[in-house]
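An overview of the molecular structure
Residue-level listing of the chains:
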Amino acid sequence: MHFLIMVGVGALVGLVIGLTGEGSGSLLTPLLIIVAGMAPAEAVGTSLAFGFATKLFGTWNFYRKGLVRLDLVKKLVIGGVPGALGGGYVIHYLGLHQPRFLNVFLMRTIGSILILVSLMMFIKLVPWDWRPGVERPEFFAGRQFSGLLILIGFVIGGVVSTTSIGSGALIVAALVVLFPIKSGTLVGTSVVTGMVLVAISSLPYAAMGNIRWSIVGPMLFGSLPAIYYASKLHGRLHRTVPDAIIATALMAMGVHIIWS
């Protein structure tokens, strides 16, 4: 029964990843805490291990199709790797010296980031011509944002290493605001960048034994076919539908985790 539940969780997350390019951390981590009853540190570590496997699969798929902006990946990774290492040091230190505080810290941080990601997804659903302020094409035309991308990468790297959240959702949100990039390349660039950050971020959790390898396999068993199936739905299901559902679910889980 436990095996089937984990296959189902993996299939659900895989469906979300295939439809939106997000969800390996923002959806799986709270599900592992709420549904599987895992400690926050173990949920984050397990989610990172799962996320690396799915993003490795996605990296090959997107790269061979030419849907990766390597120039953007490079800038995000330059900042993201130090951020992930810094966040990993904090996690490793707390795990060794203050393990009780580590779980409290992770619960509050995960809940807060879930709410933030949810709000960003809701904002992303609003058409550009409905948003106040300067329109993107005129204001951002020709800008490379090298320094800003490195800074964004650093912040996202720190968030990913401490919560497992953001390797998809936060990168997509940042890129969609800064660059007029097509959806396939947007997701592909996010997946490749996320794969690198997740790989670095998972190291301290593996060192502390906070990855439950026994459920990573069943979740992958459910997720990989679901990712493939979801990719076939592109064009048939408007992206705002799954995005709105996911954003609502993330908000509910974030509130639940903070006040539980």
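Treat the numbers as computed from the prediction; the structure is a model and nothing was measured. (Residues numbered from 1 in each chain as written. Predicted model: local features only at pLDDT ≥ 70, side-chain atom pairs only at ≥ 80, totals over all residues. Heavy atoms only, no water.)

Quick word on the overall build of the protein chain
Scanning the protein chain for helices and strands turns up 11 helices and zero strands. Taken from the N to the C terminus, the helices and strands of the protein chain come in the order α-α-α-α-α-α-α-α-α-α-α. When each of the 260 residues of the protein chain is scored for burial, the buried share is 53%. Pairs at least 24 residues apart make up 82% of the contacts formed inside the protein chain by residues separated by at least 6 positions. Total accessible area on the protein chain stands at roughly 12100 Å², and carbon and sulfur atoms take up 71% of it. (Helix = DSSP H or I, 4+ residues; strand = E, 2+ residues; numbered from the N terminus. Buried < 20%, exposed > 50% of the residue type's maximum accessible area, 1.4 Å probe, protein only. Contact = heavy atoms within 4.5 Å. Areas by Shrake-Rupley, 256 points an atom, 1.4 Å probe, with all protein chains shown as cover.)

Observations regarding the pattern of salt bridges
Using the criterion set out here, one finds two salt bridges in the structure. In this structure, the salt-bridge partner of R212 is E42, at a minimum N-O distance of 3.0 Å. Of this pair, R212 sits in the loop between α9 (183-207) and α10 (213-231) while E42 sits in helix α3 (residues 40-64); the two residues are 170 residues apart in sequence, bridging distant segments of the chain. A salt bridge links D71 to R69; the nearest nitrogen and oxygen atoms lie 2.9 Å apart. For D71, a relative accessible area of 31% corresponds to the partly exposed category. A relative accessible area of 28% places R69 in the partly exposed class. (Salt bridge = Lys/Arg side-chain N within 4 Å of Asp/Glu carboxyl O.)

Here we look at unusual backbone geometry
Non-glycine residue S164 carries a positive phi angle of around 70°. Its place among the elements puts S164 in the loop between α7 (146-163) and α8 (169-178).

Digging into the confidence of the model for the protein chain
Of all residues in the protein chain, 86% have pLDDT values of 70 or greater, and the mean over the chain is 81. Mean pLDDT across the elements of the protein chain bottoms out in helix α6 (residues 136-140) (52) and peaks in α7 (91). Here residues 130-135 is a poorly scored stretch, pLDDT under 50, and it has four contacts once near neighbours within four places are set aside; other chains count. (pLDDT = per-residue confidence, 0-100.)

Some remarks on the environment of S146
By the secondary structure assignment, S146 is in helix α7. On the accessibility criterion, S146 (34% relative accessible area) is partly exposed. Separated by 71 residues in sequence, S146 and K75 place their C-alpha atoms 6.5 Å apart. Polar side-chain contacts of S146 include one of 3.2 Å to the side chain of K75. (Polar contact = N/O pair within 3.5 Å; in protein donor to acceptor, adjacent residues only side chain to side chain.)

Regarding the packing of aromatic side chains
Under the definition given, this model contains three aromatic pairs. Measuring from centroid to centroid gives 6.3 Å for F3 and F221, while their planes differ by 45°, and the two rings are tilted. Of this pair, F3 sits in helix α1 (residues 2-20) while F221 sits in helix α10, placing them 218 residues apart in sequence. Looking at R64, its charged tip hangs above the ring of W60, at a distance of 4.5 Å from the centre. (Phe/Tyr/Trp six-rings, centres within 6.5 Å; stacked < 30°, edge-to-face > 60°. Lys NZ or Arg CZ within 6 Å of the ring centre and 35° of its normal.)

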